[in-house]
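The lines below spell out each chain.
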Amino acid sequence: MKHLLTAVFFLWVGFSAMAQIPDTFQWLPDGSSYRDEDNGTIVEVKLPERTTKTLVSAAQLTPKGTSTPLKIRSYTFSPQGNKVLIYTNSKRVWRYDTRGDYWLLDLSDNSLKQLGKSRPESSMMFAKFSPDGQKVAYVSEHNVYVDDLKTGETKALTTDGTDRVINGTFDWAYEEEFDCRDGFRWSPDSRAVAYWQLDARKIRNFLMINTTDSIYAYNVPVEYPKVGETPSPYKIGVVDLATAKTRWMSIPGDPQNTYVPRMEYAGNADELVIQQLNRKQNESTLMYISTKTGKATPFYSETDKAWIDIKSRWSDGPGGWDWVNNGKEFIWISEKDGWRHAWRVQRDGKKETLLTAGNYDVISPVLIDEKNNAFYFMASPDNATQAYLYRTTLDGKGKAERLSPAEQVGTHNYELSPTGQFGKHSFSNAKTYPVQEWISVATHESIDPNAGVKKALAGPQRASLDIEFFTVTTEDGIVSDAWLVKPANFNPAKKYPIVFTVYGEPAGSTVTDRFGTGRNRLYLGDMAKDGYIYASVDNRGTPSPKGSAWRKAIYRNIGTINIRDLAMGAKAMFEKFPFIDTSRVAVHGWSGGGSSTLNLLFKYPDLFQTGISVAAVGNQLTYDNIYQERYMGLPQENREDFVNGSPVTHAKNLRGNLLYIHGTGDDNVHYQNAEMLVNELIKHNRQFQFMPYPNRSHGIYEGEGTSRHLATLFTNFLKEKCPPGAR
């Protein structure tokens, strides 16, 4: 349930690599240069002089007998640098285009050949070179294969994959809620592959209905475990390349009541390391597993009264283990002291050192520079709406030092070279268009004297948006961040309608000081010129870097505590700004924001008169188990919390104007939510407007004219029910 319409607050990360397909931007190991795709070629750029040379030309990527080069979606160089895997012709698997075709370019003789020719078109996933560069493994149709690059032979490493027995990748729920997609790992000695197997045969299909693509309607099944239903049981197998035989690892715990969202080789071919979560996701156990015997040995654990987040909540996917000191220690992120901090943990788990001491959160790690005893990370101790680069020492003896310039107020993002010498720096704030520059990390100075953030802040990159950030204190004593965009030609003596945008759940925050905040992409025209105030307020439960108490206050309280915070935050704004016309108050949101919109309209009708809700979870008992059980517990134990937090329970209280929108082909938040809500509104004779979009998914963008139609619908309804302009 992570669709956030303005696309500016993806859990503070938002990297394309979340799909676990390599980014086209790639640092060279020595940090002196980077590679990237450039108009159908792959180039290498040397820093600081920014000189460019072509590594792979379009001619090299043109298959024999054709005149059209391969379109590069992604690429990977072999560890030896003499071969390149080209990922092309990609197709979506639920959220991301993680299946496609792979071609191998041998730079020694410029030969180009397609891998996995026997496999169906666009069916290959996550192809990776073996560490010795001699083989490539990949997944196709839920089986794991390996191609020998010398002989051209393809070998099936698994053969039991079906539509419901999933090898080397994941089911819908693991992908959506753990960001798990790439489900296999090469052994360091190139002799074996470790992989997940999920058995979705015990998960009931949710049947969506396609009524538009043929005269006779047909079902679209999705293996979707609803909250309260047991997950797909998992196995971890290690398959020997020579024999294609799998040894299954012996992992303690019931695989139908636990999860394994992380698995890697533990620095050697004889050992794996995994993270296992219990069903409620409030207990985490790390284990080493012998690949020879399959025996698992737990060595590090933690518990939480609410839930434990995993790596994909603050980084680009759940993969990778951050070893230091030649594999004798690793860096681990934990909230066990009330803040999200980085710890240096001994390999056996018995000793740990806090690296980022203080009452602040690590928003995300950026770089471990072991050679220079440096740990780089993003944080913002003084303003939770922003993000800055910090550095401290890897030995735990240093103090955090802010590297982002004090005058560059807003949200920063960095991709630092492996040696910490150079960086790709991106910056924006609500009034500044995104700017990118190359910097020398030591001085944070732009390498290009003709460009950079400093010039942008003083020049035309500044955007004209009358947005104000501030805090409000609710009658419950909650201090929340908020923003407000005033109408054009604002007159404080007059009163204006206000439109709130909300999300409200743990997947994101709407109050961030970055470009896009304050702009309503569903509104056709200019809200400010038309005479609207546009605003948002944060609530407990969002991933804002304010400590775990803030984030986890929502545990077993989705639909209650977050809704009260939003309502009381709005009420505090009404008291703070007398120019708000409290008879013209509207609210809108998508997905979790759609749920919040409904609850605000139903629970606080005296404050909100108009609501536009898109793709909402109307009944929490319909959503998937991983997300809902993480934040709400098990309905078998506290069903009343799910019921009390669900908009459908309170639909009878509707007094204002409601426009409800949902795609009938939504595999994430199922269309059944809409019909359950509609039934309840009908039962109590509550009048409303309803727009189902046939066969559209959670994003409601498929089909010619869809996005414009939705925006027109949104705008016309808002103008009719909450008229713009000063009074």
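Remember, it's a predicted structure, so these values are computed and weren't measured experimentally.

Caption draft 1: Quick look at the pairing of strand S4 (residues 51-56). In terms of strand pairing, strand S3 (residues 41-46) meets S4 through five bridges, oriented antiparallel. Within the sheet, the bridge partner assigned to isoleucine 42 lies in S4 and is valine 56.

Caption draft 2: Molecular detail of the pattern of salt bridges. Scanning the entire structure with this criterion turns up 37 salt bridges. In this structure, the salt-bridge partner of arginine 50 is aspartate 448, at a minimum N-O distance of 4.0 Å. On the criterion of sequence distance, the pair formed by arginine 50 in the loop between S3 and S4 and aspartate 448 in the loop between strand S35 (445-446) and helix H2 (453-458) is long-range, its members being 398 residues apart. Taking the relative accessible area as the measure of exposure, arginine 50 reaches 34% and is therefore partly exposed. For arginine 564, the salt bridge is made with glutamate 475, and the minimal N-O distance between the two is 3.3 Å. Note that arginine 564 is positioned in helix H5 (residues 561-576) and glutamate 475 in the loop between strand S36 (467-473) and strand S37 (479-485), a separation of 89 residues in sequence. A residue is classified by how much of its surface remains accessible, and arginine 564, at 28% relative accessible area, is partly exposed. Note on glutamate 475: relative accessible area 53%, which makes it exposed. One network of salt bridges, in which partners are shared, links Asp304, Asp309, Arg313, Glu335, Arg340, Asp361, Arg551 and Lys552.

Caption draft 3: Structural detail: the environment of glutamate 704. Among the structural elements, glutamate 704 can be located in the loop between strand S43 (689-693) and helix H11 (706-721). Among the residues examined, glutamate 704 registers a relative accessible area of 85% and is labelled exposed. Spatially, the C-alpha atoms of glutamate 704 and tyrosine 138 are 35 Å apart, while their sequence positions differ by 566 residues.

Caption draft 4: Here's a closer look at the domain arrangement of the protein chain. Partitioning the protein chain into domains gives domain 1 (20-155), domain 2 (157-303), domain 3 (323-429 + 431-464) and domain 4 (467-721). Distance between the C-alpha centres of domain 1 and domain 3: 30 Å. Taken together, the contact pairs 10 residues of domain 1 with 11 residues of domain 3. Carbon and sulfur atoms supply 69% of the area that domain 1 and domain 3 bury against each other, a total of about 950 Å² over both sides. Considering only the side of domain 1, the residues that lose the most area to domain 3 are Phe25, Trp27 and Arg50, jointly responsible for 48% of the buried surface there. On inspection of domain 1 and its partner domain 3, the count reaches one salt bridge. Across the contact surface, domain 1 and domain 3 share two residue pairs in polar contact (both at pLDDT 80 or more). In terms of residue class, the side of domain 1 that touches domain 3 is built from seven nonpolar, one polar and two charged.

Caption draft 5: Geometry of the packing of aromatic side chains. Taken as a whole and assessed by the stated rule, the structure comprises 42 aromatic pairs. Measuring from ring centre to ring centre gives 6.0 Å for tyrosine 75 and phenylalanine 77, while their planes differ by 85°; the resulting arrangement is edge-to-face. For phenylalanine 77, a relative accessible area of 12% gives the class buried. Centre to centre, the rings of phenylalanine 577 and phenylalanine 579 are 5.3 Å apart; their planes meet at 40°, and the pair counts as tilted. Overall, the relative accessible area of 7% leaves phenylalanine 579 in the buried class. Site record: aromatic cluster; members linked through ring pairs are Trp172, Tyr224, Trp307, Tyr555, Tyr623, Tyr627 and Tyr631. We note lysine 128 situated over the ring of phenylalanine 184; from NZ or CZ to the ring centre the distance is 3.3 Å. The side chain of lysine 552 reaches across the aromatic face of tryptophan 307, ending 5.7 Å from its centre.

Caption draft 6: Region of the structure containing the nonpolar core. Grouped together as the largest cluster of nonpolar side chains are 47 residues, with contacts concentrated most on Tyr174, Phe178, Ile236, Ile251 and Leu272. Among the secondary structure elements, those contributing two or more residues to this core are helix H1 (172-178), strand S15 (192-199), strand S16 (205-210), strand S18 (234-240), strand S20 (258-265), strand S21 (271-278), strand S22 (283-290) and helix H7 (625-632). Counting 40 residues, the second largest nonpolar core, distinct from the first, contains Met568, Ala572, Ile580 and Leu681.

Caption draft 7: Representation of the side chain of glutamate 264 within the structure. Counting through the fold element by element, glutamate 264 comes out in strand S20. Taking relative accessible area as the criterion, glutamate 264 reaches 11% and is therefore assigned buried. Reaching out from glutamate 264, the side chain makes a polar contact with the side chain of arginine 185 at a distance of 3.2 Å. Side-chain polar atoms of glutamate 264 contact the backbone nitrogen of glycine 320, separated by 2.7 Å. Discounting chain neighbours no more than four positions away, the residues touching glutamate 264 are Arg185, Glu271, Leu272, Val273, Gly319, Gly320 and Trp321.

Caption draft 8: Spatial organisation of the pairing of strand S40 (residues 580-590). The element S40 is extensively covered by neighbouring structure, given that nine of its 11 residues are classed as buried. One ladder, built from five bridges, connects strand S38 (residues 496-501) with S40; its direction is parallel. Counted as the bridge partner of tyrosine 496 is isoleucine 580 from S40. Taken together, the five bridges between S40 and strand S41 (residues 610-614) define a ladder with parallel strand orientation. Paired with glycine 589 across the strands is serine 613, a residue of S41. Handedness of the crossover joining S40 and S41 through helix H6 (residues 592-603) is recorded here as right-handed.

Caption draft 9: Here's a closer look at unusual backbone geometry. Residues leucine 47 and proline 48 are joined by a peptide bond in cis, for which omega reads 5°. Of note, proline 48 is situated in the loop between S3 and S4. One non-glycine residue, asparagine 326, lies in the positive phi region at around 55°. Mapped onto the elements, asparagine 326 comes out in the loop between strand S24 (323-324) and strand S25 (329-334).

About the criteria used
- Residues numbered from 1 in each chain as written.
- Predicted model: local features only at pLDDT ≥ 70, side-chain atom pairs only at ≥ 80, totals over all residues.
- Heavy atoms only, no water.
- Pairing = 2+ DSSP bridges.
- Helix = DSSP H or I, 4+ residues; strand = E, 2+ residues; numbered from the N terminus.
- Salt bridge = Lys/Arg side-chain N within 4 Å of Asp/Glu carboxyl O.
- Buried < 20%, exposed > 50% of the residue type's maximum accessible area, 1.4 Å probe, protein only.
- Domains from an automatic or database assignment.
- Contact = heavy atoms within 4.5 Å.
- Buried area = accessible area lost by both parts, 1.4 Å probe.
- Polar contact = N/O pair within 3.5 Å; in protein donor to acceptor, adjacent residues only side chain to side chain.
- Nonpolar A, V, L, I, M, F, W, Y, C, P; charged D, E, K, R; others polar.
- Phe/Tyr/Trp six-rings, centres within 6.5 Å; stacked < 30°, edge-to-face > 60°.
- Lys NZ or Arg CZ within 6 Å of the ring centre and 35° of its normal.
- Core = buried A, V, L, I, M, F, W, Y, C linked by side-chain atoms within 4.5 Å.
- Right-handed = clockwise from strand over helix to strand, strands pointing away.

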